[in-house]
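Coordinates in review
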Amino acid sequence: MTETADELSTPLGQKAERPKRRFRLPFSAMQALAVLLGLFLVAFLSIALFTDNPLGGEPVAQIALRKPAADEKPAAAASGPHAEPAAKAESRPAAAAENKTVTIIDGSSGKRQDVVIGGDAAGKTDTEAVAPAAVMAGIDPRLLEKTRYGMIPVVADGLKPFTVYAAEADRAKAAKMPVVAIVVGGLGVGAAKTVDAIKKLPPAVTLAFTPYGADPTKLAERARAQRHEILLQIPMEPFDYPDNDPGPQTLLTSLPPEQNIDRLYWHLSRFQGYAGIANFMGARFLATDAVMQPIMREAAKRGLGYLDDGSTPRSVASSLAAGQAMPFAKADFAIDAVPTSAEIDRTLIKLETLAKERGLAVGVASALPISIERIAAWIKTLDSRGIMLVPLTTAMLKSKSG
């Protein structure tokens with residue numbers, strides 16, 4: 001038996017203690033940490049690359065869905081007359097619920113404003129646009145026709161939207177004295193300025209709404225509740241289109257008549273209760289007889305009046321309206337073309353002078369705070385000047401009779 005040196009030097013009768021051997025890992029602590037991190041990274045990448053979960057890593061909420069009992073009414077029914085039927089809500093494509101932002105350009109001031117409109121309404125295609133389904137209070141259901149976009153005006157039982165939705169006025173008095181009609185347009189885009197115009201301007205001022213905005217139906221209904229008559233502004237192609245784009249579903253000279261009519265239907269369906277339509281921009285479109293004629297014919301067939309905002313001297317709207325025996329008016333002045341107090345006041349005096357000379361004058365303005373302020377102040381002085389403020393429909397009838 002082999003003995004070590006320690007055993008030989010150990011006293012007899014005593015056992016030599018063997019030194020304890022330490023266990024050593026084949027790698028250091030830092031190397032172990034690096035290996036663990038590497039394994040974690042490999043596992044993470046494997047999950048990210050090979051797991052088909054687009055919401056991976058996002059917070060997830062789970063809700064329980066239950067079928068309502070047979071006698072339980074859907075929640076949407078509690079939202080009042082503006083609620084959309086459940087069957088329609090369920091059948092609507094998912095894309096219709098999305099909101100999109102479009103830039104609206106004020107035709108008179110050139111001011112740009114980003115607004116959100118619902119669903120496919122922001123798209124340029126005609127087949128996917130979606131219009132509000134709600135019907136405003138005080139609307140005669142006989143004067144509505146159903147289209148794929150929603151309800152649009154129609155003549156029925158000898159009634160026309162122009163006469164049914166015209167504001168009340170003393171027309172006998174208006175026939176005997178100078179009258180002025182004022183139309184404030186560009187409403188519906190920006191609820192604050194729209195409500196401001198509704199509240200601060202007297203009922204005899206006609207309000208024109210664009211087809212855009214988050215809830216044009218609600219704002220138009222509020223205007224009618226305050227006894228304003230309303231118009232619908234139809235976006236039409238300007239000369240510098242598409243650099244200057246009025247908005248989605250603009251009527252274009254490059255489109256065939258049936259496609260422009262289809263776009264017109266989209267606009268007409270945005271809300272109800274208007275007595276007529278007006279152009280929103282559209283210098284090129286208004287000057288092109290071939291594309292303008294079908295639009296005027298369609299509007300006349302549906303019992304609507306037409307306001308030309310006077311922005312282009314080349315407009316053919318007047319002659320086309322006469323050919324359709326259609327109520328018509330053309331604006332004589334853009335009241336706030338220069339939006340300063342002094343210039344607005346000066347233009348209002350011109351409007352007043354023209355009314356005295358001709359018996360009738362029509363002015364248009366945008367809903368700028370300074371415009372509303374100066375127009376409201378000027379209207380208070382009209383009685384003392386022997387001039388009557390009338391809704392646009394009254395001015396149209398006086399012009400037609402005179």
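Note that the coordinates shown come from a computational prediction; the quantities given were computed from them, not determined experimentally.

Attention now moves to the packing of aromatic side chains. Following the criterion strictly, the structure yields three aromatic pairs and no others. Seen in terms of ring centroids, phenylalanine 271 and tyrosine 274 are 5.6 Å apart; in terms of plane orientation they differ by 85 degrees. Their pairing is edge-to-face. The class for phenylalanine 271 is buried, based on a relative accessible area of 0%. Ring geometry for tyrosine 306 versus phenylalanine 328: centroids 6.2 Å apart, planes at 5 degrees, classification stacked. Of the two residues, tyrosine 306 is situated in strand β9 (residues 305–308) and phenylalanine 328 in strand β10 (residues 328–330); the sequence distance between them amounts to 22 residues. Taken together, the ring pairs in this structure connect Phe209, Phe271 and Tyr274 into an aromatic cluster.

This brings us to the pairing of strand β6 (residues 206–209). What you see with β6 is no split at all: Thr206 and Ala208 on one side and Leu207 and Phe209 on the other are buried throughout. Where strand β5 (residues 179–187) lies against β6, three bridges are found, and the strand directions are parallel. The residue of β6 that forms the bridge with leucine 187 is phenylalanine 209. Bridging between β6 and strand β7 (residues 230–236) involves three bridges; their strand directions are parallel. Residue pairing in the sheet places leucine 207 in a bridge with isoleucine 230 of β7.

Calculation criteria
Residues numbered from 1 in each chain as written. Predicted model: local features only at pLDDT ≥ 70, side-chain atom pairs only at ≥ 80, totals over all residues. Heavy atoms only, no water. Phe/Tyr/Trp six-rings, centres within 6.5 Å; stacked < 30°, edge-to-face > 60°. Buried < 20%, exposed > 50% of the residue type's maximum accessible area, 1.4 Å probe, protein only. Helix = DSSP H or I, 4+ residues; strand = E, 2+ residues; numbered from the N terminus. Pairing = 2+ DSSP bridges.

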